[in-house]
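# Breakdown of the fold
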Amino acid sequence: QVQLVESGGGLVQAGDSLRLSCAASGRTASTYTMAWFRQAPGKEREFVGHIRWRSDNAYYADSVKGRLTISKDNAKNTVYLQMNSLKPEDTAVYYCAASTRILYPMTRRDLYEYWGQGTQVTVSS
C-alpha cells in the first residue's frame, strides 16, 4: 500500500502563489507516476499534471500550462505543485495520486491506484 498526504492548501487572493505538497509513504518503490488532480464544487475531478519519480519531465493539462508546475524531491518521497497567478477558477480540492503504471500521458483517474485525502485551495477575487 501507498499512503499520500497533501498539505499546503488555504485561502489566497487572485494573483497569489501557493505550493502544495504530497508526501508519499509505504511501498513507494512500486509507483512510477505521481499526479495532481483537482475537483471544483459541482464538477468532475480533473487532471492537472503528472511527473515520474525517475524523470524530471512533467505533463500538464492545457488549462494550467504556464501557471502550475510539478516538481519532486525523491529523497523525501514528496511531490509539489507550485501554483502561480492563481485565479478564482482554480478554487478546488486538490488531490495527489500515485500509479504503478507508465503510460503517456496518464490523464484518466482510473489509471491511479492511490489517492490522498485532498487539500482545499480557495482563491478569492
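Described below are features of the structure shown in this document. (Residues numbered from 1 in each chain as written. Predicted model: local features only at pLDDT ≥ 70, side-chain atom pairs only at ≥ 80, totals over all residues. Heavy atoms only, no water.)

Taken together, 4 strands build an open sheet; the order of strands is 1-3-8-7 and the sheet is antiparallel. Looking at which strands have only one partner, the edges of the open sheet turn out to be strand 1 (2-7) and strand 7 (68-73). When strand polarity is set aside, the average angle formed by the axes of neighbouring strands in this sheet is 20°. Note that strand 7 and strand 8 (residues 78-83) share 6 bridges and pair antiparallel. (Pairing = 2+ DSSP bridges. Helix = DSSP H or I, 4+ residues; strand = E, 2+ residues; numbered from the N terminus. Axes fitted to C-alpha atoms, helices over the stretch in contact; angles between N-to-C directions.)

Moving on to the packing of aromatic side chains. Where two aromatic rings form a pair, the distance of their centres and the angle of their planes describe that pair. This model, assessed by the stated rule, comprises 6 aromatic pairs. Ring centres of phenylalanine 47 and tyrosine 59 lie 6.0 Å apart, and the angle between their planes is 35°; this geometry places the pair in the tilted category. In this pair, phenylalanine 47 sits in strand 5 (residues 46-52) while tyrosine 59 sits in strand 6 (residues 58-60), placing the two residues 12 residues apart along the sequence. Residue class for phenylalanine 47 comes out buried when judged on its relative accessible area of 9%. Measuring from centroid to centroid gives 6.3 Å for tyrosine 112 and tryptophan 115, while their planes differ by 70°, and the two rings are edge-to-face. In this structure tyrosine 112 comes out as buried when scored by relative accessible area, which is 4%. On the basis of relative accessible area, tryptophan 115 is assigned to the partly exposed category, the value being 26%. Linked through ring pairs, Phe37, Phe47, Tyr59, Tyr104, Tyr112 and Trp115 together constitute an aromatic cluster. Its end group placed over the ring of tyrosine 80, arginine 19 keeps NZ or CZ at 4.1 Å from the ring centre. Arginine 45 extends its terminal NZ or CZ atom over the ring of tyrosine 95, reaching a point 3.6 Å from the ring centre. (Phe/Tyr/Trp six-rings, centres within 6.5 Å; stacked < 30°, edge-to-face > 60°. Buried < 20%, exposed > 50% of the residue type's maximum accessible area, 1.4 Å probe, protein only. Lys NZ or Arg CZ within 6 Å of the ring centre and 35° of its normal.)

With that settled, consider the state of the cysteines. Scanning the entire structure with this criterion turns up 1 disulfide. Bridging cysteine 22 to cysteine 96, the disulfide has an S-S length of 2.0 Å. On the sign convention where negative means left-handed, the S-S torsion of about -75° between cysteine 22 and cysteine 96 marks this disulfide as left-handed. Of this pair, cysteine 22 sits in strand 3 (residues 18-26) while cysteine 96 sits in strand 9 (residues 92-99), and the two are 74 residues apart along the sequence. A single burial state applies to cysteine 22 and to cysteine 96, both of which are buried. (Disulfide = S-S within 2.5 Å.)

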